[in-house]
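Summary of structural features
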Amino acid sequence: MHAIAMDEFGLRVAMIDDRHWSAPTPCSEWTVRDLVNHLVVEQLWVPPLLAGATVSDVGDRFDGDQLGDDPMARWTEASVAAQRALAEPGALGRDVELSYGTVNARRYCMEMASDLAVHAWDLARGLGVDDRIDPRLMAEVYEYLAPMTGALEGSGMFAAPVPVPDDADPQTRTLALTGRRP
């Protein structure tokens, strides 16, 4: 799922041109550049965490703007490094220390896939391009996030869930669960 989510987000990154970087996104405080930077930072964390580094070990290494003068190259570099780290033999059987505790790398990978999938939609909206995300991916993300509904809103990172019909498709349900109005 992480590879599919990475492809979904990367497809939209490839559509960015100079006029888009300052465009707003559904993430009310983020421009397209801020959103891409957020996902680059998340991917930069993957190799050291899977190698056994702690949050304290990494420290503030990835704080601030990580895109520099060539955001596209930085996205490619970070995403390739994350995919390589996740593909290493035994990587998904490891435990990783996150800001909220130690979790199995499989769970961490699904957390990353979820963020990539939802933010692929955000990025598509910011760019004004097709915002349909792989339906199988969105169904998996929904299944992963649904048990955390209260915690998502309580984290302060998500708006309250948006009501949708019971027969809504997986993308609509997932986005609504994360406080987005599809």
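The notes below deal with the structure included here. What you see is a predicted model, and the numbers here were worked out from it, not measured in a lab.

Some details on the pairing of strand E1 (residues 95-98)
Of the two faces of E1, only one is covered, namely that formed by Val 96 and Leu 98; the face formed by Asp 95 and Glu 97 stays uncovered. A loop of two residues connects E1 with strand E2 (residues 101-104), the two strands running antiparallel in sequence.

Observations concerning the side chain of Arg 74
Examined against the element boundaries, Arg 74 turns out to sit in helix H4 (residues 71-87). Accessibility expressed as a relative area gives 19% for Arg 74, which makes it buried. Non-local contacts of Arg 74, meaning those with residues more than four positions away in its chain, are made with Val 40, Leu 44, Gln 66 and Leu 67.

Quick word on the pattern of salt bridges
According to the stated counting rule, one finds eight salt bridges in the structure shown. Across the pair Arg 12 and Glu 8 runs a salt bridge, and its minimum N-O distance is 2.7 Å. Taken together, the residues span about one helical turn, with Arg 12 and Glu 8 both in helix H1 (residues 2-13) at a distance of four residues. The pair formed by Arg 12 and Glu 8 is uniform in burial state, with each residue classed as buried.

Topic: the nonpolar core
Counting residues in hydrophobic clusters, the biggest one holds 54 residues, and the most contacted among them are Phe 9, Val 36, Tyr 108 and Leu 123. Contributions of two or more residues to this core are made by H1, helix H2 (32-50), H4, E1, helix H5 (105-127), helix H6 (135-145) and helix H8 (170-177). When residues of this core are assigned to their parent elements, the largest contribution, 13 residues, is made by H5. Beyond its immediate sequence surroundings of up to four residues, Tyr 108 is in contact with Glu 42, Trp 45, Val 46, Leu 49, Val 96, Leu 98 and Val 103.

Scoring rules and cut-offs
- For every chain, the first residue of the written sequence is number 1, and numbering continues from 1 onward in sequence order.
- Local features in a predicted model are, by the rule used here, given only for residues with pLDDT of at least 70; side-chain atom pairs are given and counted only at 80 or more, and totals for whole chains, interfaces and linings are based on all residues.
- Remark: hydrogens and water are excluded; side-chain values derive from all non-hydrogen atoms of the structure.
- Burial classes follow relative accessibility: with a 1.4 Å probe on protein chains only, a residue under 20% of its type's maximum area counts as buried, one over 50% as exposed, and anything between as partly exposed.
- Each helix corresponds to a stretch of at least 4 residues labelled H or I by DSSP, and each strand to a stretch of at least 2 residues labelled E; elements are numbered beginning at the N terminus.
- Only when DSSP finds a minimum of two bridges between them are two strands counted as paired.
- Residue contacts are defined here by distance: any two heavy atoms, one from each residue, within 4.5 Å place the two residues in contact.
- Within this document, salt bridges are pairs made up of a side-chain nitrogen of Lys or Arg and a carboxyl oxygen of Asp or Glu, the two lying within 4 Å of each other.
- Take the buried Ala, Val, Leu, Ile, Met, Phe, Trp, Tyr and Cys residues and link them wherever side-chain atoms come within 4.5 Å; each set so joined is a nonpolar core.

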